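# Commentary on secondary and tertiary structure
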Amino acid sequence: RLANVIPHMNGRCLDIGAGDNMLINLYKKQFGDDRDNPAFESVGLDIEDWGGGCMIVENCKKLPFEDNSFDTVCFIACINHIPERIEALKETMRILKPGGKVIITMIGKFIGEIGHAIWWYSEDKHRDVHEEELMGMDSSQILQLLKEAGFEDIDEQGFVYNLNRLYIAKKDAA
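Residues numbered from 1 in each chain as written. Predicted model: local features only at pLDDT ≥ 70, side-chain atom pairs only at ≥ 80, totals over all residues. Heavy atoms only, no water.

### Here's the deal with the overall build of the protein
Across its full length, the protein carries five helices and seven strands. Order of helices (α) and strands (β) in the protein, N terminus to C terminus: α-β-α-β-β-β-α-β-α-α-β-β. Sorting the 174 residues of the protein into buried and exposed places 48% on the buried side. Intrachain contacts of the protein at a sequence separation of at least 6 include 68% that bridge at least 24 residues. Here the protein has roughly 9,200 Å² of accessible surface; of this, 49% comes from carbon and sulfur atoms. (Helix = DSSP H or I, 4+ residues; strand = E, 2+ residues; numbered from the N terminus. Buried < 20%, exposed > 50% of the residue type's maximum accessible area, 1.4 Å probe, protein only. Contact = heavy atoms within 4.5 Å. Areas by Shrake-Rupley, 256 points an atom, 1.4 Å probe, with all protein chains shown as cover.)

### With respect to the nonpolar core
Leu14 and Phe75 are the most contacted members of the largest nonpolar core, which has 31 residues in total. Elements supplying a minimum of two residues to this core: strand E1 (13-16), strand E2 (43-46), strand E4 (70-76), helix H3 (85-95), strand E5 (96-107), helix H5 (139-148) and strand E7 (164-170). For this core, the leading source of residues is H3, giving five residues. For Phe75, the contacting residues outside a window of four places in its chain are Ile16, Ile82, Ala88, Leu89, Thr92, Val102, Ile103, Ile104 and Thr105. Judged by nonpolar contacts, the second largest core, of 14 residues, contains Tyr27, Cys74, Ile103 and Leu166. (Core = buried A, V, L, I, M, F, W, Y, C linked by side-chain atoms within 4.5 Å.)

### Side note on the side chain of Ser69
Here Ser69 is to be found in the loop between strand E3 (55-56) and E4. Using a relative accessible area of 12% as the deciding quantity, one classes Ser69 as buried. With sequence-adjacent residues up to four places away left out, Ser69 is seen in contact with Arg12, Ile95 and Lys97.

### Here's the deal with the pattern of salt bridges
Taken as a whole and assessed by the stated rule, the structure comprises four salt bridges. Among the salt bridges present, the one from Asp71 reaches Lys97, with a minimum N-O distance of 3.5 Å. Of this pair, Asp71 sits in strand E4 while Lys97 sits in strand E5; the two residues are 26 residues apart in sequence, bridging distant segments of the chain. By relative accessible area, Asp71 is classed as buried at 16%. (Salt bridge = Lys/Arg side-chain N within 4 Å of Asp/Glu carboxyl O.)

### Considering the sheet that holds E1
Reading across the sheet, the seven strands line up as E3-E2-E1-E4-E5-E7-E6 and stay open at both edges, with mixed pairing between neighbours. Strands at the two margins of the open sheet, each flanked by one partner only, are E3 and strand E6 (153-159). Pairing analysis gives six bridges linking E4 to E5, with the strands arranged parallel. Residue Phe75 lies in a different strand from E5, and its bridge partner there is Ile104. (Pairing = 2+ DSSP bridges.)

### Some points on the pairing of E7
With five of seven residues buried, E7 is to be regarded as a mostly interior element. With seven bridges connecting them, E5 and E7 associate as antiparallel partners. By the bridge assignment for E7, Met106 is matched with Arg165. Taking the residues that link successive antiparallel strands as the turn, the E6-E7 hairpin has four residues, and the phi of Val160 there is positive, at about 50°.

### A closer look at a nonpolar patch on the surface
On the surface, Ile111, Val160, Tyr161 and Leu163 cluster together into a nonpolar patch covering about 430 Å² of accessible area. Mapped onto the elements of the fold, Leu163 is located in the loop between E6 and E7. (Patch = residues over 30% accessible without salt bridge, like charges linked within 9 Å, V, L, I, M, F, W, Y side chains within 5 Å.)

As far as function goes, none of this settles anything; it's purely spatial.
Next up, the structure:
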């Protein structure tokens, strides 16, 4: 997933559901020691502390950032695990700069339910599941959420034998 996402990231990024903060760390690494690059102001955010130095929040209903403060916001294999997913995407619209983009990866519902049943709760990643979490989401569900949040310019691509989907939606530049 990360190899498919990083080429689309730019500027200051927020990774929601960042887990151990691997995406942000890999993103920053490509800029070496150039601390003036806005990538170094990127942030990982999660509701659980997985030991990666992420900002911890209670939920994604109200993100603790100024309007128009990020160039890219990522939801890597996690929007299905966010009960308040529409609020999170509306907050994404608020904190994205004009012309900024949201990047989502998601596995389909059928494969997601099978996969989660097999490998989801390893001992090191165990946590309670909220009743509104889903184990995967189909393309129509993701596209509907993005449109409901106000995104119109949406690109969708398949990867890993089209079992995963990559969605890139832009906030209007005006």
